[in-house]
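# Fold and geometry: a report
The primary structure of each chain is shown beneath.
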Amino acid sequence: SNFVFGDVIDSTLSIDESVTEIEKRIDAEGGEDAAELKALLVEVQELLETMKKTGFVPKNNGLFTRLSNHLAKHGWFYGSVIGLLGTAAMQLIQG
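Residues numbered from 1 in each chain as written. Predicted model: local features only at pLDDT ≥ 70, side-chain atom pairs only at ≥ 80, totals over all residues. Heavy atoms only, no water.

Within the largest apolar cluster, 20 residues are counted, with the highest numbers of intra-cluster contacts made by Ile26, Leu48 and Phe77. Going through the elements one at a time, α1 (12-29), α2 (34-54), α3 (61-68) and α4 (75-94) are the ones with two or more residues in this core. Top contributing element to this core by residue count: α2, with 8 residues. (Core = buried A, V, L, I, M, F, W, Y, C linked by side-chain atoms within 4.5 Å. Buried < 20%, exposed > 50% of the residue type's maximum accessible area, 1.4 Å probe, protein only. Helix = DSSP H or I, 4+ residues; strand = E, 2+ residues; numbered from the N terminus.)

What follows concerns the packing of α2 against α3. Relative to each other, α2 and α3 sit at 145°, their axes nearing to 11 Å. Viewed along their axes, α2 and α3 form a crossing whose handedness is left-handed. Here α2 contributes Leu40, Glu43, Val44 and Leu47 to the contact with α3, which in turn contributes Leu63, Arg66 and Leu67. Its residues placed into classes, the contact of α2 with α3 shows 5 nonpolar, no polar and 2 charged. (Axes fitted to C-alpha atoms, helices over the stretch in contact; angles between N-to-C directions. Left-handed = near helix turned anticlockwise from the far one by under 90°. Contact = heavy atoms within 4.5 Å. Nonpolar A, V, L, I, M, F, W, Y, C, P; charged D, E, K, R; others polar.)

For the rest of this paragraph, the subject is α4. Here α4 spans 28 Å end to end across 20 residues, near enough to the 28 Å set by a 1.5 Å rise per residue. For α4, the set of buried residues is Trp76, Phe77, Ser80, Val81, Leu84, Leu85, Thr87, Ala88 and Gln91. (Expected span 1.5 Å × (residues − 1).)

We now examine the pattern of salt bridges. The full count for this structure, using the stated rule, is 6 salt bridges. In this structure, the salt-bridge partner of Lys24 is Glu21, at a minimum N-O distance of 3.7 Å. Residue Lys24 and its partner Glu21 are both found in helix α1; the two are separated by 3 residues, about one turn of the helix. Owing to a relative accessible area of 48%, Glu21 belongs among the partly exposed residues under this scheme. One salt bridge in this structure joins Asp27 and Lys38, with 2.7 Å as the shortest N-O distance. In this pair, Asp27 is assigned in helix α1 and Lys38 in helix α2, connecting sequence segments 11 residues apart. By relative accessible area, Asp27 is classed as exposed at 53%. Linked by salt bridges that have partners in common, Glu32, Asp33 and Lys73 make up one network. (Salt bridge = Lys/Arg side-chain N within 4 Å of Asp/Glu carboxyl O.)

So, about the packing of α2 against α4. Here α2 crosses α4 at 5°, and the two axes come no closer than 10 Å. As the angle between them shows, α2 and α4 are arranged roughly parallel. For the pair formed by α2 and α4, the contact residues are Leu37, Leu40, Leu41, Val44, Leu47, Leu48 and Met51 on the first element and Trp76, Phe77, Val81, Leu84, Leu85, Ala88, Ala89 and Leu92 on the second. Here the contact of α2 with α4 is composed, by residue class, of 15 nonpolar, no polar and no charged. (Parallel < 35°, antiparallel > 145°, perpendicular 65-115°, else oblique.)

From the geometry alone we can't say anything about function, so treat these as descriptive.
Following this line, the structure appears as structure tokens:
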């Protein structure tokens, strides 16, 4: 996961780099769940884009339920996605 120090507004590059790293890790460690993990990552990217455009975090219980289903088997994926969402939320808070 990535930590952003300094200006959170300039952390878009960090988010993009994180997505790329998650994609690589899915390829390396996703196994039989790789396609589903990639689909979830695309959905998370769409959520991040919505957050960026609208300035708020839309409710999406289905996404979080599907993410949680992978917590035990792919905790790294869950943690990475939560880190991405946290970074985006901090961008919103900072304005």
